[in-house]
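Chain residues, written in single-letter form:
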Amino acid sequence: MIRLAEITRVFHMGDQEVRALNNISIDIASGEYVSIMGPSGSGKSTLLNVIGLLDRSDSGHYELDGTDVTDLSENERARVRREKIGFVFQSFHLVPRLTAAENIGLPLILGGIDPAERKSRVDAALDAFDLRDRAHHRPAELSGGQRQRVAIARATIMRPTALLADEPTGNLDHRIGAEVMALLEGLHHAGTTLIVVTHDRELGARAHRHIGMRDGEIVADET
Amino acid sequence: MTPLDTLKLSFSTVVSYRTRSLLIVLAMALGVAAVVVLTALGDGARRYVVGQFSSLGTNLVIVLPGRAETSGGFPGAALGQTPRDLTLEDARFVGQLPQVRRYAPLNVGVAELTAGGRLREVTVLGSTAELLPIRSMKLAQGSFLAHGSERSAQIVLGSALAREFFPDGTVVGQRIRLGDSRFLVSGVLASQGESMGFNTDEIAIIPIDYAQELFNTESLFRILVEAKSRNAIESAKAAITHVLKLRHDGEEDVTVITQDAVLATFDRILRALTLGVAGIAAISLAVAGILVMNVMLVAVAQRTSEIGLLKAIGAPAADIRRLFFAEALWLSLAGGAIGFALGHFGAWMIRLAYPLLPAWPPTWASVAGVATALLTGILASLLPAARAAKLDPVLALSGK
Ligand SMILES: Nc1ncnc2c1ncn2[C@@H]1O[C@H](COP(=O)(O)OP(=O)(O)OP(=O)(O)O)[C@@H](O)[C@H]1O
Ligand SMILES: [Mg+2]
């Protein structure tokens, strides 16, 4: 359960003030499938970053799964991100030096999960995302679709309650993008909350709830 | 994140940035090797000098004419007096002192040695039978200037001289001519090479009386004294100074040096020198430290988006700090280890090239060199690591 109340995020550019989020209130229930759409600069990424505890709001309250997470310390926010949130980015953000398997296992290492458990979870993820034969390849040796599958495997390896995807298909061609969306939707079917920021109307329409943004405000919220 | 995982992950990072890592490791290794090699040289020189002094003999006290002090100087000097000579009589009085086990008066000069149809100038020492034990010299053949026979014309030859003048090997009992006098060879010294300026293989030793006659002098070059024990050295020195002052009309016109004091001085000077060169070499390590810091800062800048990613997937600031810290640790550990090996190899090469120089790196220097490498590496990583840990995750992810 994600509950934002009167969230405002202001950026200062010199003496100019940009209200990236302007007094936003929104509830997203566990297991929902939400798309966020809107013109460039409307605040979609900022909203996702606030939901994912990557960014702080300047005012307002944020309640995640029944706890107030507005004023958590940096360390506590890191722990919540590790345990409850999975991020998928447009540019994949894989560590170039690590193999696919190692990239997928990274959150487990950060979480201090013991090596035996790590191995079995990574193996399961490699199978689930059809990456078994790419396990020991580095990102540079993978196709775009494979890279995003690795990123999704990494985002879900800690079994988060919410998966936040910021234009996950932005760097992929249409067919591969559709495959990746199908994969994310599969995770939603398994019970994960799925929030997808996208410019693609067709992909956005596949969500069960559509949020429209403009100038830091929510201008549409349809199911 | 467990410490083991931190070390593993940072190790794989270090390995994958091969050129960068090699450069740092090289800089570190050269610094450590410099510390090890230079201290090996310094300490080798110290050991060499100390060894030379020790080979002079034990509990040695040396009396030489004239004041060696620079301040004040010999009181009579202003009046145009020269210091009084040291005489055999002086030596005899010194020998009577209760702190003295034995003594040997010493004269040095150069004379022409003729034997077996050969002729050449040699350094001649005039002394007594006591010279042998005082200087811890050894005989290869025959006898030294036998007790009670100081007045007989005996001569002892250094091993090189003996070989040169009597190549067939029968030396003892041969007659030779030194200047205008004839001598009977009574013994040959065992070869022992250079010792404090004298190559004992190249000298000839004759009784002191003959030497004084040969060089036409009453005064002694030195009196070598062996104190009864190590503890007696200082009181022997005082007693010698006292008795000679009495004999020289109250003038303190001799210098009494103890081997211990000379040794201690050289030891101190050369230790300071070694420490000095170690310090200079350590500066190169500090330079390597700056290099590490610079490279780590560049690494933080290059890997900004990766740091953002680590934060996004839940790495706390401490984990990120430790990752960079561990990278520096690996680099300086490798640099220290390779430098240690390189330095010891260098010292070994020096020992091969100069067998006389015991160029062994002192343990403290090896330890200090490696420790300094670790310390500079770790210190140099603190700022970059802190900078990485402080990055804002959103900005970092976008590479800013
Ligand atoms: N770190 C920042 N500093 C200053 N202004 C920022 C910063 N991050 C975002 N902004 C501004 O906040 C507004 C919203 O940005 P945001 O990235 O959320 O937009 P977006 O809807 O994701 O756009 P896009 O579709 O282009 O990704 C923009 O005007 C942007 O310029
Ligand atoms: Mg955006």
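For the structure itself, look to the data block above.
Now for a look at the structure at hand. A quick note: this is a predicted structure, and the numbers were derived from the prediction, not measured. (Residues numbered from 1 in each chain as written. Chains lettered and ligands numbered in written order. Predicted model: local features only at pLDDT ≥ 70, side-chain atom pairs only at ≥ 80, totals over all residues. Heavy atoms only, no water.)

When the terminal C-alpha atoms of helix 4 (residues 115–128) of chain A are compared, their 20 Å separation across 14 residues agrees well with the 20 Å that a helix rising 1.5 Å per residue should span. Those residues of helix 4 of chain A lying buried are Arg118(A), Arg121(A), Val122(A), Ala125(A) and Leu126(A). Along the axis of helix 4 of chain A, the buried positions cluster into a sector of 140 degrees, meaning they face one direction only. Residues Ala116(A), Lys119(A) and Ala128(A) are exposed on helix 4 of chain A and point more than 90 degrees away from its buried face. Here the buried face of helix 4 of chain A lies against helix 3 (100–110) and helix 5 (144–156) of chain A together with helix 1 (3–16) of chain B. Asp130(A), located one to two residues past helix 4 of chain A, shows a positive phi value of around 60 degrees. (Helix = DSSP H or I, 4+ residues; strand = E, 2+ residues; numbered from the N terminus. Expected span 1.5 Å × (residues − 1). Buried < 20%, exposed > 50% of the residue type's maximum accessible area, 1.4 Å probe, protein only. Arc of directions from axis to C-beta. Contact = heavy atoms within 4.5 Å.)

All names here are of chain B. It is the contact of helix 8 (residues 259–302) with helix 11 (residues 363–390), at a shortest axis distance of 8 Å, that shows an interaxial angle of 25 degrees. By the angle class used here, helix 8 and helix 11 are roughly parallel. For the element pair helix 8 and helix 11, the recorded crossing hand is right-handed. Note on element contacts: helix 11 touches helix 8 through Trp-364, Gly-369, Thr-372, Ala-373, Thr-376, Gly-377, Ala-380, Ser-381, Leu-383, Pro-384, Arg-387 and Ala-388, opposite Thr-274, Leu-275, Ala-278, Leu-285, Ala-286, Gly-289, Val-292, Met-293, Met-296, Leu-297 and Val-300. (Axes fitted to C-alpha atoms, helices over the stretch in contact; angles between N-to-C directions. Parallel < 35°, antiparallel > 145°, perpendicular 65-115°, else oblique. Left-handed = near helix turned anticlockwise from the far one by under 90°.)

Near ligand 1 lie 15 residues; those nearest to it are Ser40(A), Gly41(A), Lys44(A), Ser45(A) and Thr46(A). Surrounding ligand 1 are residues belonging to chains A and B, so the site spans chains. One nitrogen or oxygen atom from the main chain of Gly41(A) is found 2.8 Å from an oxygen atom belonging to ligand 1. Within the side chain of Lys44(A), an N or O atom sits 2.7 Å from an oxygen atom of ligand 1. More than half of the atoms belonging to ligand 1 lie within 2 Å of the grid points that define the largest pocket. Those elements giving two or more residues to the shell around ligand 1 turn out to be strand 1 (2–13), strand 2 (16–28) and helix 1 (44–51) of chain A. The element contributing the most residues to the shell around ligand 1 is helix 1 of chain A, with three residues. Tallied by class, the residues present in the shell around ligand 1 amount to six nonpolar, seven polar and two charged. (Near = heavy atom within 4 Å. Polar contact = N/O pair within 3.5 Å; in protein donor to acceptor, adjacent residues only side chain to side chain. 1 Å grid on protein atoms, 1.4 Å probe; cavity = no way out; pocket = protein on both sides within 12 Å on 5 of 7 lines; lining within 4 Å. Sits in = over half its atoms within 2 Å of the grid points. Nonpolar A, V, L, I, M, F, W, Y, C, P; charged D, E, K, R; others polar.)

Now for empty space enclosed by the protein. The full count for this structure, using the stated rule, is four cavities of 30 Å³ or more. The space that makes up the largest cavity amounts to roughly 150 Å³. If you trace the largest cavity, you find 15 residues lining it, with Arg97(A), Thr13(B), Glu306(B), Leu310(B) and Leu323(B) closest to the centre. Listed by contribution, the elements that provide at least two residues to the lining of the largest cavity are helix 1, helix 9 (304–312) and helix 10 (317–353) of chain B. Counting residues per element, the lining of the largest cavity draws most heavily on helix 1 of chain B, at four residues. Split into classes, the residues belonging to the lining of the largest cavity amount to eight nonpolar, three polar and four charged. By volume, the second largest cavity amounts to about 70 Å³. If you go around the second largest cavity, the residues you meet are Arg81(A), Arg82(A), Ile85(A), Gly86(A), Phe87(A), Pro107(A), Arg154(A), Ala155(A), Met158(A), Ala312(B) and Ile313(B). Among the secondary structure elements, those contributing two or more residues to the lining of the second largest cavity are helix 2 (74–84), strand 6 (85–89) and helix 5 of chain A. The dominant element in the lining of the second largest cavity, judged by the number of residues it contributes, is strand 6 of chain A, at three residues. (Points joined across faces, edges and corners; volume = space filled by probe spheres on them.)

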